[in-house]
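Residue-level listing of the chains:
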Amino acid sequence: MSTLTCRIFILHDHGEHVTQLAQAIGEGAASVGGVTVKISLPHHATKADLLEADGIIIGTPNWTGIKGTLKRWLDTTGDLWEEGSLAGKVGAAFTSSAGRHSGTEFTLLSVLHWMLGSGMIIVGLPWSPLMEQAGSYYGATAVGTITEADLIQAKALGRRVAELALQLRRGAAS
């Protein structure tokens with residue numbers, strides 16, 4: 001009997017805080033047995049990365065929405081949208097911003113909009129007392145400098161995506 005593996009692809013644009021969140025999300029995802037993680041920047045990513053993944057987690061610094069370089073890359077994937085190639089994959093979002101009222105949730109929703117348009121299954125963060133300090137229902141966040149609470153929420157998001165993607169993969173294999 002072969003071991004079932006699940007692939008999580010984390011795509012993020014440049015930004016020190018987003019990179020730190022991506023690493024923490026990757027750690028959370030990799031903590032789930034049977035899960036492999038690949039982290040990439042847009043200029044190194046390929047459509048094959050999206051197609052091979054069971055879960056896709058996308059992050060961007062908050063630049064009044066998705067940062068331009070990431071948005072341009074996502075716009076090259078219209079054929080995957082048209083073919084329905086990403087439908088049923090698990091998706092989640094993360095972002096960082098300079099201030100609490102600078103559009104953090106708008107940026108998360110912009111990423112999630114792309115995923116919903118692709119037919120993906122969206123995973124967010126459920127309420128916990130930690131959310132009073134970090135994170136959003138819509139995904140992992142950091143405002144200003146990265147805090148331990150931000151990293152805990154990022155790991156939790158990675159773990160949630162990996163667990164659901166693995167469950168779906170197991171269901172598809174049976």
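Going by the structure above, here's the rest.
Residues numbered from 1 in each chain as written. Predicted model: local features only at pLDDT ≥ 70, side-chain atom pairs only at ≥ 80, totals over all residues. Heavy atoms only, no water.

S.K.: Please give an account of a nonpolar patch on the surface that cites residues and values.
M.R.: Taken together, Leu109, Trp127, Tyr137 and Tyr138 make up a surface patch of nonpolar side chains, about 430 Å² in accessible area. As for its placement among the helices and strands, Tyr137 is situated in the loop between strand S5 (121–122) and strand S6 (140–143). (Patch = residues over 30% accessible without salt bridge, like charges linked within 9 Å, V, L, I, M, F, W, Y side chains within 5 Å. Areas by Shrake-Rupley, 256 points an atom, 1.4 Å probe, with all protein chains shown as cover. Salt bridge = Lys/Arg side-chain N within 4 Å of Asp/Glu carboxyl O. Helix = DSSP H or I, 4+ residues; strand = E, 2+ residues; numbered from the N terminus.)

S.K.: Run through the pairing of strand S3 (residues 55–61), naming residues and quoting values.
M.R.: Where burial is concerned, most of S3 is hidden: seven out of the seven residues are buried. Residues Gly55, Ile57, Gly59 and Pro61 point to one face of S3 and Ile56, Ile58 and Thr60 to the other, with burial holding for every one of them. Bridge count for strand S1 (residues 6–12) against S3 is five bridges, and the pairing is parallel. If you follow Ile10 over to S3, its bridge partner there is Ile57. Two strands pair when backbone bridges link them, and S3 and strand S4 (residues 90–97) are joined in this way by seven bridges, in the parallel orientation. For Gly59, the partnering residue across the bridge sits in S4 and is Phe94. (Buried < 20%, exposed > 50% of the residue type's maximum accessible area, 1.4 Å probe, protein only. Pairing = 2+ DSSP bridges.)

S.K.: Could you give an account of the pattern of salt bridges, with specific residues and numbers?
M.R.: Summed over the entire model, instances satisfying the criterion amount to five salt bridges. We note a salt bridge from Glu27 to Lys155, for which the minimum N-O separation is 3.4 Å. In this pair, Glu27 is assigned in helix H1 (residues 16–30) and Lys155 in helix H6 (residues 148–173), connecting sequence segments 128 residues apart. Assessed through its relative accessible area of 29%, Lys155 is described here as partly exposed.

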